[in-house]
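Secondary and tertiary structure notes
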Amino acid sequence: MFQRILIANRGEIALRVIRAAREMGIETVAVFSEADRGAHYLSLADEAICIGPAPASESYLKIDRIISAAEIGNVQAIHPGYGFLSENSHFAEVCRSSNIEFIGPPHEAMAKVGDKVSARELAMKAKVPVVPGSDGLVTEENAAVALANKIGYPVLIKATAGGGGKGMRVVRNDIALKAGLKAAAQEADKAFKNAGVYLEKYIERPRHVEVQVLGDQQGNLLHLWERDCSMQRRHQKLVEESPAPNLPTNVRRNICDAAVRLCKTAGYYSAGTCEFLVDQDNNFYFIEVNARIQVEHPVTELVTNLDLIKQQIRVAAGESLDIRQKAVPQIGSAIEVRINAEDPDNDYRPSPGRITKLRVPGGPGVRWDSHVHEGYIVGPNYDSLIGKLIVHRDSRNESIKTMRRALAEFDVEGIRTTIPLLRKILAHPDFADGRVDTTFVERTWSGK
Ligand code: ADP
């Protein structure tokens, strides 16, 4: 096992990894940018090393500085967290060629699933249904128009390198498609430095259901059941839960099997997620793989009673999984809400500032994963996630009651947050009935 690892990330996920490592008797080296200097969670690591100025491109995304920090810190492995360099197969390769283990999948598998078009091709090879769409990138306008008419409008133009809900646009006719293709390619080039776009049929009112997988280097690969992440705003997840409500047993089984098939075909190990859309008739379609730990991993941890970060570390050190598929439980119901520093009265723009008051909920069934505290300054440089509130109860009904109670207890001042919207979602009868789809939030509150 490793004696010392570096965490190439910040905030709540950095703290999550520090905690797991501490419990495993592994020392940690944290890295930080000038903007995070002095953050409290850094003092919980065994060492903290500054890697540059506030902009991520000058610090958390700088491969050479992170590798230097790993050398100075004398670590055997790097945990990338999520975001930043976590899905950069080049970074994974650089780590390994510098004799530092990358706590994540093999870089060859990451490269295969990393871009959406090649992931689609892989899914087809694994006989996993994909959303009807183009065979590869669309490069020619007339061919795109012909294809869109064949699959039928509305059609979604998607960036192959897209992420975080960005790089997608819905078009409903030929004229909009032609205009959209150019604009989408330009936007994708600017945002992801990759102008490649492709077409997918736009599924009306789908649910977002994803499957957690976990594999070792000996070729064992399991699914750890599904999560429903249909409560979204602008394609960004707000609420995640496991099990997915009202998902027929055979669909759950088929979707989990499909995820395992796909990841085995990719030669995948470590933790990963296969995302699917489920239409109103319970047909499911693969959309993408996230080759890393996800923000919403705690809901899976609670229903399976497994620590995914510890599992990732063990697998990276070469240990084989000590659980069998049949023995992976799905106990009770877990729900997570993402608490972001965003202003509900200003189109959910980031709301940086000092947290002047913070009282977080607790009590039975409640978990709070966060690096913030009273006096913490939420800066303007990074993601606006300030914490994840997760509940676990015997049934979904009980989880909803606990989450409502926990959200009611939450008291934060100095910054604006998504808590009022989360309270509204949890109070809504359609949510309680599990009548969920990815358009629910915007349809119900028109984005307000
Ligand atoms: P990202 O990598 O940006 O997260 P995804 O491909 O995972 O992009 O899609 C994010 C969300 O966008 C999905 O959860 C869903 O809400 C919506 N979406 C993606 N593809 C489609 C589609 N073909 N039809 C309808 N909605 C879609």
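**Looking at the domain arrangement of the protein**
The domain architecture assigned to the protein consists of domain 1 (4–103), domain 2 (132–201) and domain 3 (207–445). Averaged C-alpha coordinates put domain 2 and domain 3 at centres separated by 28 Å. The interface is formed by 7 residues belonging to domain 2 together with 5 residues belonging to domain 3. Both sides together, the interface formed by domain 2 and domain 3 hides about 400 Å², and carbon and sulfur atoms give 50% of it. For the pair domain 2 and domain 3, the number of links is 0 salt bridges. Our count for the domain 2 to domain 3 interface comes out at 0 residue pairs in polar contact (both at pLDDT 80 or more). Split into classes, the residues belonging to the side of domain 2 that touches domain 3 amount to 2 nonpolar, 2 polar and 3 charged.

**Some words on the pattern of salt bridges**
Counted by the stated rule, this structure contains 38 salt bridges. Note that Asp-369 is salt-bridged to Arg-367, the shortest N-O span being 2.9 Å. Taken together, the shared-partner salt bridges in this structure form one network comprising Glu-210, Arg-227, Lys-237, Glu-240, Glu-275, Glu-296 and Arg-338.

**Notes on the layout of surface pockets**
Estimates place the volume of the second largest pocket at around 270 Å³. Residue lining of the second largest pocket: 18 residues in total, with Asp-36, Tyr-376, Ile-377, Val-378 and Gly-379 positioned closest to the centre. Elements represented by at least two residues in the lining of the second largest pocket include exactly strand S20 (377–378) and strand S21 (385–393). Considered class by class, the residues forming the lining of the second largest pocket number 8 nonpolar, 6 polar and 4 charged. Domain assignment of the residues forming the lining of the second largest pocket places at least three in each of domain 1 (4–103) and domain 3 (207–445).

**Examining the sheet that holds strand S7 (residues 166–171)**
Sheet architecture is open: 3 strands sit in the order S7-S6-S8, paired in antiparallel fashion. For this open sheet the edge positions go to S7 and strand S8 (197–201), each flanked by a neighbour on one side alone. On average, each strand axis in the sheet is inclined to that of its neighbour by 25 degrees, with strand direction left out of account. Bridge count for strand S6 (residues 155–163) against S8 is 5 bridges, and the pairing is antiparallel. By the bridge assignment, Ala-159 is partnered in S8 with Val-197. Sheet strands in contact with helix H6 (residues 141–151) are S6 and S8, and its direction is about 15 degrees off that of S8.

**Examining the pairing of strand S13 (residues 284–290)**
With 7 of 7 residues buried, S13 lies mostly within the body of the structure. The sheet contact formed by strand S12 (residues 270–278) and S13 spans 6 bridges and is antiparallel. Within S13, the position partnered with Phe-276 by the bridge is Phe-286.

**Comments concerning empty space enclosed by the protein**
Taken as a whole and judged by the stated rule, the model has 3 cavities of 30 Å³ or more. The space that makes up the largest cavity amounts to roughly 40 Å³. Around the largest cavity, the lining residues are Ala-341, Pro-350, Ser-351, Pro-352, Val-378, Gly-379, Pro-380, Tyr-382, Asp-383 and Ser-384. For the lining of the largest cavity, the per-class residue count stands at 6 nonpolar, 3 polar and 1 charged.

**With respect to the site of the ligand**
Neighbouring the ligand are 22 residues, the closest being Lys-116, Gly-165, His-208, Gln-232 and Glu-288. Between the ligand and the protein, one listed contact pairs a nitrogen atom with a backbone N or O atom of Ile-203 at 2.9 Å. Glu-275 is positioned with one of its side-chain polar atoms (N or O) 2.8 Å from an oxygen atom of the ligand. Protein chains shield 96% of the accessible area of the ligand, which is 550 Å² for the free molecule. In terms of residues, the shell around the ligand owes the most to one element, S6, which gives 4 residues. A breakdown of the residues in the shell around the ligand according to their chemical character gives 7 nonpolar, 8 polar and 7 charged. Of the residues that make up the shell around the ligand, three or more belong to each of domain 2 (132–201) and domain 3 (207–445).

**Quick word on the pairing of S7**
Two faces belong to every sheet, and in a regular strand the side chains alternate between them. Taken together, the 5 bridges between S6 and S7 define a ladder with antiparallel strand orientation. Within S7, the position partnered with Leu-156 by the bridge is Val-170. Count of turn residues in the S6/S7 antiparallel hairpin: 2 residues, of which Gly-164 carries a positive phi of about 60 degrees.

**Concerning the nonpolar core**
Core analysis: the largest hydrophobic core is formed by 93 residues, its most contacted members being Ile-5, Leu-6, Ile-78, Phe-91, Phe-276 and Phe-286. The element best represented in this core is helix H8 (residues 249–266), accounting for 9 residues. Ranked by size, the runner-up nonpolar core spans 35 residues in total, among them Val-366, Phe-410, Val-436 and Val-441.

**Description of the sheet that holds strand S1 (residues 4–7)**
An order of S3-S2-S1-S4-S5 is seen for the 5 strands of this open sheet, with the pairing classed as parallel. Both outer strands of the open sheet, strand S3 (47–52) and strand S5 (101–102), are each paired with one neighbouring strand and no more.

**Things to note about the packing of aromatic side chains**
One pass over the full model with this rule turns up 8 aromatic pairs. The interplanar angle of 80 degrees and the centroid separation of 6.2 Å between the aromatic rings of Phe-84 and Tyr-382 together place this pair among those described as edge-to-face. Taken together, the positions of Phe-84 in the loop between strand S4 (77–79) and helix H3 (89–97) and Tyr-382 in the loop between S20 and S21 put the pair 298 residues apart, joining distant regions of the chain. A relative accessible area of 28% means that Phe-84 is categorised as partly exposed. Residue classification places Tyr-382 among the buried residues on the basis of a relative accessible area of 14%. Ring centres 5.8 Å apart and planes at 85 degrees place the aromatic pair Phe-440 and Trp-445 in the edge-to-face group. You'll find Phe-440 and Trp-445 in the same group, each marked buried. Site record: aromatic cluster; members linked through ring pairs are Tyr-60, Phe-84 and Tyr-382.

Scoring rules and cut-offs
- Residues numbered from 1 in each chain as written.
- Predicted model: local features only at pLDDT ≥ 70, side-chain atom pairs only at ≥ 80, totals over all residues.
- Heavy atoms only, no water.
- Domains from an automatic or database assignment.
- Contact = heavy atoms within 4.5 Å.
- Buried area = accessible area lost by both parts, 1.4 Å probe.
- Salt bridge = Lys/Arg side-chain N within 4 Å of Asp/Glu carboxyl O.
- Polar contact = N/O pair within 3.5 Å; in protein donor to acceptor, adjacent residues only side chain to side chain.
- Nonpolar A, V, L, I, M, F, W, Y, C, P; charged D, E, K, R; others polar.
- 1 Å grid on protein atoms, 1.4 Å probe; cavity = no way out; pocket = protein on both sides within 12 Å on 5 of 7 lines; lining within 4 Å.
- Points joined across faces, edges and corners; volume = space filled by probe spheres on them.
- Helix = DSSP H or I, 4+ residues; strand = E, 2+ residues; numbered from the N terminus.
- Pairing = 2+ DSSP bridges.
- Axes fitted to C-alpha atoms, helices over the stretch in contact; angles between N-to-C directions.
- Buried < 20%, exposed > 50% of the residue type's maximum accessible area, 1.4 Å probe, protein only.
- Near = heavy atom within 4 Å.
- Areas by Shrake-Rupley, 256 points an atom, 1.4 Å probe, with all protein chains shown as cover.
- Core = buried A, V, L, I, M, F, W, Y, C linked by side-chain atoms within 4.5 Å.
- Phe/Tyr/Trp six-rings, centres within 6.5 Å; stacked < 30°, edge-to-face > 60°.

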